[in-house]
Amino acid sequence: MKNIQFLFICILLLSCSNDTNENIDNENPIDSIDEIKNDCPGWRTSDYIIESQEDLDQFAVLFPNCKTFHGNIVFDETKDFNTDALKNIEHIEGSLTFIGIGDGSYDLSGFNNLKSVSLSFEFKNATLVSFPINFQALESVGGDFKIHQNYYLESITGFTNLSLISGKFEIRDNHSLLTLGDFPNLVQVVRGGINFTNNGALSYIGEFGALTSINGAFRIDLDSNNTLTQFSGFNALTSVKGILLGGMTEVNISGFNNIEVIDGFLAFGQIKKVTGFESLKHINGELNLLSTSFENLQILDKLNTIDGDLSITSNHNLTSLAGLDQLTSIGGDFNIYGNDALVNISGSNNINTLNGAINIELNDNLKTISGFNTIETIKELLISNSGAIESLTGFNSLMHIENNLIFNNTNNPEVVINGFNNLQTVGESLNLAWSFNLVELEGFTNLTSVGGSFFFQGSSGLTNLDNFSNLSHVGETFLIQNHTNLENLNGFANLNSMVKDLIIRENPSITDISGVQNINSVLEYVSISNNPMLSQCAITSVCEHLNNGLNHVIENNAPNCNSKDEVISQCD
């Protein structure tokens, strides 16, 4: 009511000003209130609030021929009303907002001729059950299109001519929503994305058969919705900034068959089955698969490049990575976590660029890791807490690891490492910790430098470490521990750098450590302990360290190597 009164005063002032001031709008002078009525004045900085039928009735008096309204129209908790007063409006040069309508009687047929809204279209907090089918003439929305927080709303239909949304398209938090009708002529969502979120009862999403472009992300996360059993209808889509399909544990998703490039992320979460994406070649962002029911990755069999991370996490039915055969480039990390049915990882030999790390963790039944034979440089390789591993092969073109190479925490009684034949440098630490189960080691014959620590623990079948005969530099700790049958360290004869710590312990068969006699010096700590067959440990770097009174533990070895004094007595 207050806005109508304010507007009426403005009309009178404008009319009087036109009679007394010749400088006002000389090119298009206002001659009468009738012209103002026909022009339907408004303002862009204020809302035209309709709270009652009285407001609508006065609108009919003031603007009987209004076609283009130059402002925002807001229905705010309006009860028992009809909109016949708005029947001539074709364009709203502002926003159209409905807040909390539905109690009592209502009639929105006055919007039957509305063709465009220049700013946003918003419908929220309504108590009605079905969306009024009164917007079939609507062709474009210049801002966001939002239908949200309508807790009783069960269906949305009636937008069959809507072709353009310039902002976001959001259908969210409508907890009783069962069906989302067709949008058959919607071609573009220009500046925002599409978001279907927290519509927990949704069982049907209609056709979007004309939609070709979304200049934002496509998100459908229905809060673990089990009632939506089919989702399709986006096969015309060719351009999108990102896609999230999640929270649909029993849904078969199809469509998206014409997308070749996703200019952002692609994420699948808690979904059962996906068909489509048969043209997808490039993802200009991350690819995430989280808690899906996928058994393999054949849906991605045309995928060639991923510019971000590839993460495959907690997919409990996934047995292999079959489907990544065309993948040549990963711009970030390759993460494989917690896939407890995964038996083998046959890394595609077509991957020649991987700019991040490979992280393989917590895959309890993983037995074989192979392939990756065309990658030359990676940031890091971590294989951890995957207790069934029997064989690690491949990586035969890999020359440089910028950070760490870590294998640890497996419980299989026999593990074979066969690969890494061209590896030359590890920028930080190399950690082989296989818990008394490594029986065969091949490769590493070209390794020359480890910038950080060299940790090698837990082999049951190795009697020597001759594979490391070209290793000349270790920057920090050098540790040999828990090797059941290891007899000597002759494979390290070329190691001639200073090391921070030298640790040789719990190797029950070792008799000789002269293989590390060329270590230049030990800067901080020496530990030689629990090697019951080792009687000679007076190598130059150890003698110098002990003579300088630096930190050490020498104990539980054979005679002549059981204390500082015994070792010093054997030094030259």
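Residues numbered from 1 in each chain as written. Predicted model: local features only at pLDDT ≥ 70, side-chain atom pairs only at ≥ 80, totals over all residues. Heavy atoms only, no water.

Quick word on the overall build of the protein
A tally of regular secondary structure across the protein gives five helices and 48 strands. For the protein, the proportion of its 572 residues judged to be buried stands at 50%. The contacts in the protein between residues at least 6 apart in sequence include a share of 53% that link residues at least 24 apart. If you sum the accessible surface of the protein, you get close to 22600 Å²; carbon and sulfur atoms cover 43% of it. (Helix = DSSP H or I, 4+ residues; strand = E, 2+ residues; numbered from the N terminus. Buried < 20%, exposed > 50% of the residue type's maximum accessible area, 1.4 Å probe, protein only. Contact = heavy atoms within 4.5 Å. Areas by Shrake-Rupley, 256 points an atom, 1.4 Å probe, with all protein chains shown as cover.)

Structural notes on the sheet that holds strand E42 (residues 449–450)
Strand order across the open sheet formed by five strands is E34-E37-E40-E42-E44, with parallel pairing between neighbours. At either end of the open sheet lies a strand with only one pairing partner, and these are strand E34 (377–378) and strand E44 (473–474). Strand direction decides the pairing type here: E42 and E44, joined by two bridges, are parallel. From the neighbouring strand, Ser 449 faces E44, where its bridge partner is His 473. (Pairing = 2+ DSSP bridges.)

With respect to the packing of aromatic side chains
Tallied over the full model, the rule gives 49 aromatic pairs. When the ring of Phe 268 is compared with that of Phe 277, the centres are 5.6 Å apart and the planes differ by 90°; the resulting orientation is edge-to-face. Phe 277 matches Phe 268 in its accessibility class, with the two residues each being buried. Measuring from ring centre to ring centre gives 5.0 Å for Phe 478 and Phe 492, while their planes differ by 85°; the resulting arrangement is edge-to-face. A residue pair is termed long-range when its members are at least 10 positions apart, and Phe 478 in strand E45 (residues 477–483) and Phe 492 in the loop between E45 and strand E46 (498–505) qualify at 14 residues. (Phe/Tyr/Trp six-rings, centres within 6.5 Å; stacked < 30°, edge-to-face > 60°.)

Side note on a nonpolar patch on the surface
Taken together, the side chains of Val 129, Tyr 151 and Tyr 152 define a hydrophobic patch exposed on the protein surface, amounting to about 320 Å² of accessible area. With respect to the helices and strands, the residue Tyr 151 is situated in the loop between strand E11 (145–148) and strand E12 (155–156). (Patch = residues over 30% accessible without salt bridge, like charges linked within 9 Å, V, L, I, M, F, W, Y side chains within 5 Å. Salt bridge = Lys/Arg side-chain N within 4 Å of Asp/Glu carboxyl O.)

As for the sheet that holds strand E22 (residues 261–262)
Two strands in a sheet stick together by hydrogen bonds in their backbones, pointing the same way (parallel) or opposite ways (antiparallel). Strand order in the open sheet formed by five strands is E22-E24-E26-E28-E31, and the pairing between neighbours is parallel. Only two strands of the sheet have a single neighbouring strand rather than two, namely E22 and strand E31 (353–354). Where strand E26 (residues 305–306) lies against strand E28 (residues 329–330), two bridges are found, and the strand directions are parallel. Pairing of Thr 305 across the sheet is with Ser 329, part of E28.

Observations concerning the nonpolar core
Counting residues in hydrophobic clusters, the biggest one holds 157 residues, and the most contacted among them are Phe 196, Phe 218, Leu 245 and Phe 334. When neighbours within four sequence positions are excluded, Phe 334 is seen to be in contact with Leu 310, Ile 312, Leu 321, Leu 324, Ile 351, Leu 354, Ala 357, Ile 358, Asn 359 and Phe 372. (Core = buried A, V, L, I, M, F, W, Y, C linked by side-chain atoms within 4.5 Å.)

Here's the deal with the pattern of salt bridges
Under the definition given, this model contains seven salt bridges. Its salt-bridge partner being Lys 124, residue Glu 122 comes within 4.0 Å of it at the nearest N-O pair. The exposure class assigned to Glu 122 is buried, which follows from its relative accessible area of 16%. One salt bridge connects Asp 173 with Arg 172, and the closest N-O pair in it is separated by 2.9 Å. For Arg 172, a relative accessible area of 21% gives the class partly exposed. Among the ionic contacts, a cluster of salt bridges with common partners joins Glu 170, Arg 172 and Asp 173.

Observations concerning the state of the cysteines
Under the defined criterion, the tally for this structure stands at two disulfides. Paired through a disulfide, Cys 537 and Cys 561 show a sulfur-sulfur distance of 1.9 Å. Here the disulfide of Cys 537 and Cys 561 is right-handed, its torsion about the S-S bond being about 120°. Residue Cys 537 is found in the loop between strand E47 (521–529) and helix H4 (540–547), and its partner Cys 561 is found in the loop between strand E48 (551–555) and helix H5 (564–570); the two are separated by 24 residues along the sequence. The same class applies to Cys 537 and to Cys 561, which are both buried. Between the sulfur of Cys 543 and that of Cys 571 lies a disulfide, 1.9 Å long from S to S. (Disulfide = S-S within 2.5 Å.)

So, the environment of Asp 340
Within the element layout of this structure, Asp 340 appears in the loop between strand E29 (334–337) and strand E30 (344–347). When its relative accessible area of 31% is taken as the criterion, Asp 340 is described as partly exposed. Measuring from C-alpha to C-alpha, the distance between Asp 340 and Leu 366 comes to 7.6 Å, with 26 residues separating the pair along the chain. Leave out the neighbours within four places in its chain, and Asp 340 touches His 316, Asp 364 and Asn 365. In terms of polar contacts, Asp 340 uses its side chain to reach the side chain of His 316, at 3.1 Å. (Polar contact = N/O pair within 3.5 Å; in protein donor to acceptor, adjacent residues only side chain to side chain.)

Considering H4
Those residues of H4 that sit buried are Ser 541, Val 542, Cys 543, His 545 and Leu 546. Elements that come into contact with the buried residues of H4 comprise E46, E47, E48 and H5. Following H4 by one or two positions, Gly 549 adopts a phi angle in the positive range, close to 70°.

Here we look at the confidence of the model for the protein
In the predicted model, the protein carries a mean pLDDT of 88, and 90% of its residues have values of at least 70. Low confidence marks residues 1–38, where pLDDT is under 50. Its contacts with residues over four positions away, or in another chain, come to 41 contacts. (pLDDT = per-residue confidence, 0-100.)

Notes on the environment of Met 248
Mapped onto the fold, Met 248 is located in strand E21 (residues 239–253). Given a relative accessible area of 0%, Met 248 falls into the buried group. On a C-alpha basis, the gap between Met 248 and Ile 271 in space is 4.9 Å, while along the polypeptide they are 23 residues apart.

Observations regarding unusual backbone geometry
The phi angle of most residues is negative, glycine excepted, and most peptide bonds adopt the trans form. For Gln 149, which is not glycine, the phi torsion reads 60° and is therefore positive. By the secondary structure assignment, Gln 149 is in the loop between E11 and E12. For Gln 149, a relative accessible area of 26% corresponds to the partly exposed category. Of note, Asn 530 is a non-glycine position whose phi angle comes to about 55°, a positive value. If you trace the backbone, Asn 530 turns up in the loop between E47 and H4. Residue class for Asn 530 comes out partly exposed when judged on its relative accessible area of 30%.

Brief notes about the pairing of strand E38 (residues 405–408)
Of the two faces of E38, the one holding Leu 405 and Phe 407 and the one holding Ile 406 and Asn 408 are both buried throughout. Pairing of strand E35 (residues 380–384) with E38, which is carried by four bridges, proceeds in the parallel orientation. Residue Leu 381 lies in a different strand from E38, and its bridge partner there is Leu 405.

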